[in-house]
Amino acid sequence: MGIDRNKTAIITGASRGIGAAIAERIAADGCNVVINYASNEAPAEALARRIEGAGGRATTARADVGDPASVARLFDSAAAAFGGIDILVNNAGIMRLAAIAESEDELFDVQVLTNLKGTFNTLREAARRLSDGGRIINLSSSVVGLSQPTYGAYAATKAGVEALTRVMAKELRGRKITVNCVAPGPTATDLFLDGKPQEVVDHLAGMAPLERLGQPDDIAATVAFLAGPDGGWINGQILRANGGII
Ligand code: NAP
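What to know about the overall build of the protein
Phase 1: Tallying secondary structure elements over the protein gives nine helices and seven strands in all.
Phase 2: The C-alpha radius of gyration computed for the protein amounts to 17 Å, which stays within 12% of the reference 18 Å derived for 246 residues, consistent with globular compactness.
Phase 3: Each principal axis of the C-alpha atoms in the protein carries an extent, and together these give about 50 × 35 × 35 Å.
Phase 4: In the protein, which comprises 246 residues, the share counted as buried stands at 50%.

If you want it as structure tokens, here you go:
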């Protein structure tokens, strides 16, 4: 079922990977989309033109989610472009892997800043500015449950995102806004594939009983369900979308 044509969604980190698939899917479902990115302007613009070419409405907005002032400007530009904001998808994220013993401070700090503080910044802005009846979907990760070695700092940021999700769902009582998490397993994007030897990719792909990597469209379909009318009764939940890996 599609999303009301007058709804507007901000998707953070939508220049590529899962975020780009979410923007394309939600736009196809009838939503105006704001394609946020950190630095990769060209693919963000190309995505916006592709969505418009398919009859949708899209705009792009450069903003660093780790910077509160930048996030405020992102919401300003979304409101200016489409008149209001109904849906926030907190998708922007980074992943740096190392055993805790070998982790530099910078590895920890940069992931906390982007994944955890970044989500906090956009949630705070959304709590103040989202229309009643809106939807918030945060991206966690199935590593919160899998707890593999080298994922410590990354998994900790995502566990924090899950905690924020549950608290925020309760704080928005009375506004008819749902707040949920989608927690993908291994998904074929730059974030997952970069720097991994093929045998590691194959091993991780084979761990799920469905025996393949997730594709960005698999995750976009899950987010679209939570953003659309059929997902309206789900609130404060963590939905793992991972082919059964955990
Ligand atoms: P990706 O392909 O690396 O794309 C990351 C996106 O985030 C890009 O659009 C990037 O923008 C943006 N971004 C990075 N830092 C940002 C910042 N400070 N401010 C604004 N945007 C920023 O990643 P992905 O695999 O699609 O991951 C999307 C989300 O899913 C992340 O939260 C990730 O943790 C989560 N996830 C992914 C997997 C997986 O296996 N892929 C599994 C579980 C969870 P630029 O292009 O401008 O750099």
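Next comes the rest of the account.
With respect to the nonpolar core
Phase 1: Ile-11, Ile-22, Ile-26, Val-33, Ile-35, Ile-51 and Val-89 are the most contacted members of the largest nonpolar core, which totals 31 residues.
Phase 2: Looking at this core, the elements with two or more residues in it are β1 (8–11), α1 (17–28), β2 (32–37), α2 (41–53), β4 (87–90), β5 (135–139) and α9 (216–227).
Phase 3: The dominant element in this core, judged by the number of residues it contributes, is α1, at seven residues.
Phase 4: Look past the residues within four positions of Val-89 in its chain and what remains in contact with it is Ile-10, Ile-11, Thr-12, Ile-22, Ile-26, Ile-137, Leu-139 and Val-223.

Here we look at the packing of α1 against α9
Phase 1: Closest axis-to-axis distance for the α1/α9 pair is 8 Å, and the angle between their directions is 50 degrees. Judged on the interaxial angle alone, α9 and α1 are oblique. Relative to α9, the crossing made by α1 is right-handed. Taken together, the residues of α9 that come into contact with α1 (itself represented by Gly-17, Ile-18, Ala-21, Ile-22, Arg-25 and Ile-26) are Pro-216, Asp-217, Ile-219, Ala-220, Ala-221, Val-223, Ala-224 and Ala-227.

Reading the values: rules and limits
Residues numbered from 1 in each chain as written. Predicted model: local features only at pLDDT ≥ 70, side-chain atom pairs only at ≥ 80, totals over all residues. Heavy atoms only, no water. Helix = DSSP H or I, 4+ residues; strand = E, 2+ residues; numbered from the N terminus. Rg over C-alpha atoms; globule rule 2.2 N^0.38 Å. Buried < 20%, exposed > 50% of the residue type's maximum accessible area, 1.4 Å probe, protein only. Core = buried A, V, L, I, M, F, W, Y, C linked by side-chain atoms within 4.5 Å. Contact = heavy atoms within 4.5 Å. Axes fitted to C-alpha atoms, helices over the stretch in contact; angles between N-to-C directions. Parallel < 35°, antiparallel > 145°, perpendicular 65-115°, else oblique. Left-handed = near helix turned anticlockwise from the far one by under 90°.

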